[in-house]
Amino acid sequence: MEDKVSVEEKICRFITDLNDPSIDIRHQAVKALGEIGEPAIDPLIKALAGAKNNDHRWYAAVTLSGIGAPAVAPLISAVRAHPEKEFRRFAAAALGNIGIPAVEPIIDAMSDDDRDIRGFLSLALCRIGKPAVEPLTRRLDDADEIIRSCATLTLWQMGETGLPSMVNKLKEKEKTD
């Protein structure tokens, strides 16, 4: 039990250090929290939600993205739970920085009724870029109308990265119709 308390105390200290005036201390905290990994995810999400400034949000988001795939589902849940736009913006940035492991879960989460959530998730996919194009293109035929619409709009928003794939998919569909 001592080790668990010790880890929790370290996490709290490092999260506090994300606000330190010294950039070296902030970078050390990001590295240490990344090494702690999964146990730091929920406290980091709480820190992101309670952050008083964008610097603290940014460091919490960078740390979450560094933890990677284990942070995807908790971040998506948090985006749904926290209506604050700044929180959602930084959480979406973290998801986007996680990259490929986040693509399918983000697309699945786009079925949410909340347009703002879908918009932030779309931004995360745009941040991921090319690796998200093929999964989004496949979802142009999804049974869920909202996901189809979100996939279309996200590919459109990606511009030169996403549009050719969408156009090719439409051309293929015309040939089979």
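Residues numbered from 1 in each chain as written. Predicted model: local features only at pLDDT ≥ 70, side-chain atom pairs only at ≥ 80, totals over all residues. Heavy atoms only, no water.

A. How the structure looks around the overall build of the chain. Helix and strand counts for the chain stand at eleven helices and zero strands. Mapped from its N terminus to its C terminus, the chain presents α and β elements in the order α-α-α-α-α-α-α-α-α-α-α. Along the longest, intermediate and shortest principal axes, the C-alpha atoms of the chain span 65 × 30 × 25 Å. Counting across all 177 residues of the chain, residues that qualify as buried make up 45%. For the chain, long-range pairs separated by at least 24 residues make up 64% of all intrachain contacts whose partners lie at least 6 apart in sequence. When the accessible area of the chain is evaluated, it comes to approximately 9800 Å², of which 53% is carbon and sulfur surface. (Helix = DSSP H or I, 4+ residues; strand = E, 2+ residues; numbered from the N terminus. Buried < 20%, exposed > 50% of the residue type's maximum accessible area, 1.4 Å probe, protein only. Contact = heavy atoms within 4.5 Å. Areas by Shrake-Rupley, 256 points an atom, 1.4 Å probe, with all protein chains shown as cover.)

B. Structural detail: the packing of helix α6 (residues 85-98) against helix α8 (residues 115-128). Close contact between α6 and α8 brings their axes to 8 Å; oriented N to C, the two are set at 30 degrees. Crossing hand, α6 versus α8: right-handed. In this structure, α6 uses Lys 85, Arg 88, Arg 89, Ala 92, Ala 93, Leu 95, Gly 96 and Asn 97 to contact α8, whose residues at the interface are Asp 116, Ile 117, Phe 120, Leu 121, Ala 124, Arg 127 and Ile 128. (Axes fitted to C-alpha atoms, helices over the stretch in contact; angles between N-to-C directions. Left-handed = near helix turned anticlockwise from the far one by under 90°.)

C. Fine view of the packing of α8 against helix α10 (residues 145-157). With their axes 10 Å apart at the nearest point, α8 and α10 run at an angle of 45 degrees to one another. Between α8 and α10, the angle falls in the class oblique. Note that α8 runs across α10; the crossing there is right-handed. Packed against α8, whose contacting residues are Arg 118, Ser 122, Leu 123, Leu 125 and Cys 126, the element α10 presents Ile 146, Cys 150, Thr 154 and Gln 157 at the interface. Taken together, the residues of the contact of α8 with α10 break down into five nonpolar, three polar and one charged. (Parallel < 35°, antiparallel > 145°, perpendicular 65-115°, else oblique. Nonpolar A, V, L, I, M, F, W, Y, C, P; charged D, E, K, R; others polar.)

D. Broad picture of the pattern of salt bridges. In the structure shown here, the tally under the stated rule is ten salt bridges. Asp 114 is paired through a salt bridge with Arg 88; the nearest N and O atoms lie 3.7 Å apart. One end of the pair, Asp 114, is in the loop between α7 (100-109) and α8; the other, Arg 88, is in helix α6, with 26 residues separating them in the sequence. Two residues, Glu 134 and Arg 138, come together in a salt bridge whose shortest N-O distance is 2.7 Å. With Glu 134 and Arg 138 both in helix α9 (residues 130-138) and four residues apart, this pair spans about one turn of that helix. The exposure class assigned to Glu 134 is partly exposed, which follows from its relative accessible area of 46%. On the basis of relative accessibility, which here comes to 42%, the residue Arg 138 falls in the partly exposed class. One connected set of salt bridges, linked through shared partners, spans Glu 104, Asp 108, Glu 134, Arg 138, Arg 139 and Asp 142. (Salt bridge = Lys/Arg side-chain N within 4 Å of Asp/Glu carboxyl O.)

E. The packing of aromatic side chains, seen in detail. One pass over the full model with this rule turns up one aromatic pair. Pairing Trp 58 with Tyr 59 gives two aromatic rings, centres 4.9 Å apart and planes at 85 degrees, and the pair type is edge-to-face. Relative accessible area serves as the criterion here: at 44%, Trp 58 is assigned to the partly exposed category. (Phe/Tyr/Trp six-rings, centres within 6.5 Å; stacked < 30°, edge-to-face > 60°.)

F. Representation of the nonpolar core within the structure. Ranked by size, the top nonpolar core spans 54 residues in total, and within it Leu 44, Leu 64, Leu 75, Leu 95, Ile 106 and Leu 125 carry the most contacts. Once you skip the residues sitting within four places of it in the chain, Leu 44 turns out to touch Ile 15, Leu 18, Leu 33, Ala 60, Thr 63, Leu 64 and Ile 67. (Core = buried A, V, L, I, M, F, W, Y, C linked by side-chain atoms within 4.5 Å.)

G. Inspection of the state of the cysteines at higher detail. Scanning all chains against the criterion turns up zero disulfides. Sulfur of Cys 126: no disulfide; nearest cysteine sulfur belongs to Cys 150 and is 11 Å away. For Cys 126, a relative accessible area of 23% translates into the label partly exposed. (Disulfide = S-S within 2.5 Å.)

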